[in-house]
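Topology and contacts: notes
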Amino acid sequence: ARRSRGDQRRQREPAALATGEARYLAVALHRAQPKARDRLGDALVRLPDVVRLAPGQQRGVLLRGIGIREARGELFEHIDATNVDLKAFTDEFYHRVTFAHLDPVLDTLRWLHDETGVWTEVTTLLIPGLNDGDDEIARECDWLVEHLGPDVPVHFTAFHPDFKMTDRPRTP
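All values derive from a computational prediction rather than experimental measurement.

Reading the values: the criteria
Residues numbered from 1 in each chain as written. Predicted model: local features only at pLDDT ≥ 70, side-chain atom pairs only at ≥ 80, totals over all residues. Heavy atoms only, no water. Buried < 20%, exposed > 50% of the residue type's maximum accessible area, 1.4 Å probe, protein only. Helix = DSSP H or I, 4+ residues; strand = E, 2+ residues; numbered from the N terminus. Pairing = 2+ DSSP bridges. Phe/Tyr/Trp six-rings, centres within 6.5 Å; stacked < 30°, edge-to-face > 60°. Salt bridge = Lys/Arg side-chain N within 4 Å of Asp/Glu carboxyl O.

**A short note on the pairing of strand β5 (residues 119–126)**
With respect to burial, β5 is a largely interior element, six of its eight residues being buried. Two elements, strand β4 (residues 81–85) and β5, share five bridges in a ladder whose sense is parallel. Bridge pairing in β5 places Val 84 opposite Val 122. As defined by bridge partners, β5 adjoins strand β6 (residues 154–158) across five bridges and the pair is classed as parallel. Directly across from Thr 123, in β6, lies its bridge partner His 155.

This is the structure in structure tokens:
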């Protein structure tokens, strides 16, 4: 008899991740109690740590969606929910501000939707003058509906100047 995906997840043994950025991910654990959430802020942990933490409880991961292509199948065998940080909807922003690219993030989002049963949400931090144009937001929303469907939760959050980006005003 074929086992369900959930059974496969529970019985799968953790294995080492590929080297590089994919090896470490920011993780938030969602506890079984209603409305209770235990979040490991920006702590970086390895996949075996994700599997070992909170056995028998739901696990969620917060991620940027880049640098995980080789490891994502193994990672998401152990994950129930994810929130992908879609920083902007232009490759120019990704290259200039994050030193990364947009396409790997979109590829991860498509893969999550098409290949997994993982609950997926998307969050975009709106930074005045960088990624908050009406056209860019409309293109992002159109892409999300076309590729992920109209039921995927999307969050737009407000920017406040901090750390290395103090030259921008708060999101109105």
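What follows continues from the structure just given.
**Looking at the packing of aromatic side chains**
To describe a pair of aromatic rings, one takes the distance between the centres and the angle between the planes. Under the criterion given, the structure shown has two aromatic pairs. Summarising the aromatic geometry, the rings of Phe 89 and Trp 143 are spaced 6.3 Å apart at their centres and angled 55° between planes, so their arrangement reads as tilted. With Phe 89 in the loop between β4 and α4 (91–98) and Trp 143 in helix α6 (residues 134–148), this residue pair connects regions lying 54 residues apart in the sequence. The exposure class assigned to Trp 143 is buried, which follows from its relative accessible area of 10%. Ring geometry for Phe 93 against Tyr 94: centres 6.3 Å apart, planes inclined by 80°, an arrangement best described as edge-to-face. Classification of Phe 93 by relative accessible area gives buried; the value is 3%. Among the residues examined, Tyr 94 registers a relative accessible area of 2% and is labelled buried.

**A few points about the pattern of salt bridges**
In this structure the tally under the stated criterion is three salt bridges. Across the pair Glu 92 and Arg 96 runs a salt bridge, and its minimum N-O distance is 3.1 Å. With Glu 92 and Arg 96 both in helix α4, this residue pair falls four residues apart, about one helical turn. Taking the relative accessible area as the measure of exposure, Glu 92 reaches 55% and is therefore exposed.

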